[in-house]
Amino acid sequence: MSIDSSSAHGVNFAEPRSFPTVFKSNFKETLFPDDPFGHLKNEPSSRKTLKVIEYFLPIFGWLPRYNLALFKYDLLAGITIASLAIPQGISYAKLAEIDPIIGLYSSFVPPLIYALFGSSKHLAVGTVAASSLIIAASIEEVVPASEDPILYTSLVFTSTLISGLVMLALGVFRLGILVDFLSHSTITGFMGGTAVLICLQQLKGMLGLKHFTTHTDCVSVVRAVFKNRKEWQWESALVGIIFLAFLQFTRFVKQRRPKLFWVSAIAPIVTVIVGGLFAYFGHADKHGIPIVGALKKGINPLSINRITFDPKYIAGPLKGGVVTAMIAIAEGIAIGRSFAIMKNEQIDGNKEMLAFGLMNIVGSLTSCYLTTGPFSKTAVNFNAGCRTQMSNVVMAICMMLTLLFLAPLFSYTPLVALAAIIMSAMLGLIEYEKAYHLYKTDKFDFVICMAAFFGVVFISMDMGLCLSVGLALIRALVYVARPATCKLGHVHGSNLYRDVEQYPNATDIPGILAIQLGSPIYYANSQYIRERILRYLKTEQSDATLKGTGHIEYILLDLGGVSSIDITGVEAFVEIMRILESKEIKMILINPRLGVMEKLTVTKFVEKVGKESIFLSIADAIESCKFSMKSSKGMNVVDVNVA
């Protein structure tokens, strides 16, 4: 039996598209949902080439139009974030258990690479606390920093290279969809748990401890603090509390007076300078307050010869590299997008992954460790009025000058000052209000958030992340395996049919059961859909018997929300049709979409159900069914006005 391209109901029964056509369409929609080059179809070749270059090198898009008026804003913003980059770079490097100078190196080369390839005007590049701690925890599993600091640092560079390669691969193959599995709830819980851990770890610096644990869970950290209580230095604790109170006060000023954001922005560098002067003139290191130690002058030395893939140690860098790549991408892109939205702009997530990947690959070869777009530095960059990526270039130049001439001056920075800076930054990452909002709006999202939080705090960072992502995946699988379905009723005074649970006043159509399916039909849910439809039928027939309105003669399946169907789904439809035929009930399909119609056509299901049983709308189907109804005498037929 041949399939015509049209029917009496206006449904399109055209020949299914070829496999290459379908594959190309699905491939493009999966990997290129933004269609970056679609607007260039009718452009001349020269303009196409220019636009493609601009796409992969965004600097060619904004640099030709750059002027002095824009530079004034970027200069101020760049200097401001540089003042924040110095203390953060030193602090987070200590958190990663590497030489503090590497933290300064990491704010020199990567920002220059990002300025070439990055698409966000507001993102400020730098190191982040969470990734620093993850790297330290991963590398410490194979080589403790205290035993072999040279090998440890080499493995940190290797981990950074692996992170960059993962990011680059995700960007090249446009696999940003993988990062989407890190839900907002997961990131909120993970960052909050990591912030608690980092704050607890800073007790080592705040109390002046010489011995500490290499584990990152809360119990081990607290045990180490009290186990070494004989090493507590009250002088260090007092200075740390003063610095922390000062930093928190400046954050309070920024919250109360947003225009005074610069007070909070310069507070860390002020803390470092004041702490350095105090340590230098007061000989703090002789009073139980340890300092950073020697910092050598000079820009980044090459580290390509330090990259190692020794099988004996590679497990640590591989684990740290993959985990930090996913976290850094998710955090950086989310932060970039949030600030772009404030200016009614957009950034390309895949281009950001390319930029992050390249800057970390180059960074790993020039003595840098992992960088992304930290929230605190980006917020300062935004509030300082940055206009383009040039602010990152200005910051890099400031860092270069610092490395060439000023680095030794920071060698007197007390470790307790760095601990206070880190604790102050981390306290802002524990988002109590967001967690409470999740609890009030979506209990399962709240559970996902808490799984990440408590998993990180009491087990480990990677286990906390896995627990949370696992719960989120289970939830997604439940949505797939148990898709939404609903019974439709007629909304009085209209030509509309809606969910009877959402609209209780919607009335049943005597002799007809209309069901809406709201998801793709696959092997995982086809059996459930079959059972759900038959359960609807059983319930409806029981109600009809009690009301004396006659039995059901038609079942209408609204497929408008079904985007695709596989062979198992088609077989489920065949089973449903056979069961309904045994009960003398006719199966009607409504508005099957292109992909669904093609699958029903090639599997011959259209021939089995009949073209006359497929309609464009529920109203058309009901209008047709009511004239051929075979229900018992006395049934009340509901008039349906079809527009």
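Residues numbered from 1 in each chain as written. Predicted model: local features only at pLDDT ≥ 70, side-chain atom pairs only at ≥ 80, totals over all residues. Heavy atoms only, no water.

A. Structural detail: the overall build of the protein. In terms of regular secondary structure, the protein is built from 26 helices and six strands. Seen along its three principal axes, the alpha-carbon backbone of the protein occupies a region of about 105 × 65 × 55 Å. Residue burial in the protein is summarised as follows: out of 643 residues, 53% are buried. Of all intrachain contacts in the protein linking residues separated by at least 6 positions in sequence, the fraction that spans at least 24 positions is 79%. When the accessible surface of the protein is totalled, it reaches about 30,600 Å², and 62% of it is carbon and sulfur. Side chains of the protein give 57 positive and 48 negative charges; the mean places of these two sets differ by 6 Å. (Helix = DSSP H or I, 4+ residues; strand = E, 2+ residues; numbered from the N terminus. Buried < 20%, exposed > 50% of the residue type's maximum accessible area, 1.4 Å probe, protein only. Contact = heavy atoms within 4.5 Å. Areas by Shrake-Rupley, 256 points an atom, 1.4 Å probe, with all protein chains shown as cover. Lys, Arg positive; Asp, Glu negative; His and termini not counted. Charge placed at Lys NZ, Arg CZ, Asp CG, Glu CD.)

B. Highlighting the pairing of strand β1 (residues 485-490). In terms of burial, β1 is a largely internal element, six of the six residues being buried. Burial of β1 is two-sided: the residues Thr485, Lys487 and Gly489 facing one way and the residues Cys486, Leu488 and His490 facing the other way are all buried. Two strands pair when backbone bridges link them, and β1 and strand β3 (residues 512-517) are joined in this way by four bridges, in the antiparallel orientation. Bridge pairing in β3 places Thr485 opposite Leu517. In the sheet, β1 pairs with strand β2 (residues 497-499) via three bridges, with the strands oriented antiparallel. The residue of β2 that forms the bridge with Gly489 is Arg498. What sits between β1 and β2 in their antiparallel hairpin is a turn of six residues, with Gly493 showing a positive phi close to 80°. (Pairing = 2+ DSSP bridges.)

C. Up close: the packing of aromatic side chains. With the rule as written, the count across this model stands at twelve aromatic pairs. Judged by centre distance (5.0 Å) and plane angle (80°), the rings of Tyr280 and Tyr412 are edge-to-face. Here Tyr280, found in helix α13 (residues 261-282), pairs with Tyr412, found in the loop between α17 (390-406) and α18 (415-427); they are 132 residues apart in sequence, far enough to count as distant. For Tyr280, a relative accessible area of 44% corresponds to the partly exposed category. (Phe/Tyr/Trp six-rings, centres within 6.5 Å; stacked < 30°, edge-to-face > 60°.)

D. The arrangement of a nonpolar patch on the surface in detail. Taken together, the side chains of Val172, Phe173, Leu175, Ile177, Leu178, Phe181 and Leu473 present a nonpolar region at the surface, about 620 Å² in accessible area. Summarising the element assignment, Ile177 is placed in the loop between α8 (149-172) and α9 (184-201). (Patch = residues over 30% accessible without salt bridge, like charges linked within 9 Å, V, L, I, M, F, W, Y side chains within 5 Å. Salt bridge = Lys/Arg side-chain N within 4 Å of Asp/Glu carboxyl O.)

E. Region of the structure containing the confidence of the model for the protein. The predicted model of the protein has a mean per-residue pLDDT of 86, with 94% of residues at 70 or higher. When the elements of the protein are averaged for pLDDT, helix α1 (residues 19-31) gives the smallest value, 76, and helix α6 (residues 109-117) the largest, 95. Throughout residues 1-5 the model reports pLDDT below 50, and contacts reaching past four residues in sequence, or to other chains, amount to 13 contacts. Here residues 631-643 is a poorly scored stretch, pLDDT under 50, and it has 25 contacts once near neighbours within four places are set aside; other chains count. (pLDDT = per-residue confidence, 0-100.)

F. View of the sheet that holds β3. If you trace the six strands from one edge of the open sheet to the other, you get β2-β1-β3-β4-β5-β6, paired in mixed fashion. Only two strands of the sheet have a single neighbouring strand rather than two, namely β2 and β6 (614-615). Of the pairings in the sheet, the one linking strand β5 (residues 586-590) to β6 comprises two bridges and is parallel in character. For Ile590, the partnering residue across the bridge sits in β6 and is Phe615. Each of β1, β2, β3, β4 (554-558), β5 and β6 is contacted by helix α26 (residues 618-627), which is oriented at about 170° to β4, the strand it contacts most. (Axes fitted to C-alpha atoms, helices over the stretch in contact; angles between N-to-C directions.)

G. Representation of the nonpolar core. Ranked by size, the top nonpolar core spans 116 residues in total, and within it Phe190 and Met426 carry the most contacts. Discounting residues that sit within four places of it in the chain, Phe190 has contacts with Ile134, Ile327, Ala452, Val456, Met461 and Leu465. Counting 33 residues, the second largest nonpolar core, distinct from the first, contains Leu517, Ile565, Val574 and Leu580. (Core = buried A, V, L, I, M, F, W, Y, C linked by side-chain atoms within 4.5 Å.)

H. How the structure looks around the pairing of β5. Within β5, four of the five residues are buried, which leaves the element mostly enclosed by the surrounding structure. Note that β4 and β5 share five bridges and pair parallel. Counted as the bridge partner of Tyr554 is Lys586 from β5. Where the polypeptide runs from β4 across helix α23 (residues 567-582) and back to β5, its parallel neighbour, the crossover connection is right-handed. (Right-handed = clockwise from strand over helix to strand, strands pointing away.)

I. Broad picture of the side chain of Ser83. Inspection of the secondary structure assignment puts Ser83 in helix α4 (residues 68-95). Ser83 sits in the buried class, given a relative accessible area of 14%.

J. Summary view of the pattern of salt bridges. Applying the stated criterion across every chain yields a total of eleven salt bridges. Across the pair Arg17 and Glu598 runs a salt bridge whose closest N-O atoms are separated by 2.7 Å. Separated by 581 residues along the polypeptide, Arg17 in the segment before α1 and Glu598 in helix α24 (residues 594-602) bring together distant segments of the chain. Its relative accessible area of 10% is what places Glu598 among the buried residues. Among the ionic pairs, Glu431 bridges to Lys434, the shortest N-O distance being 3.5 Å. Judged by its relative accessible area of 35%, Lys434 falls in the partly exposed class. Through salt bridges with shared partners, a single ionic network connects Asp442, Asp445 and Arg475.

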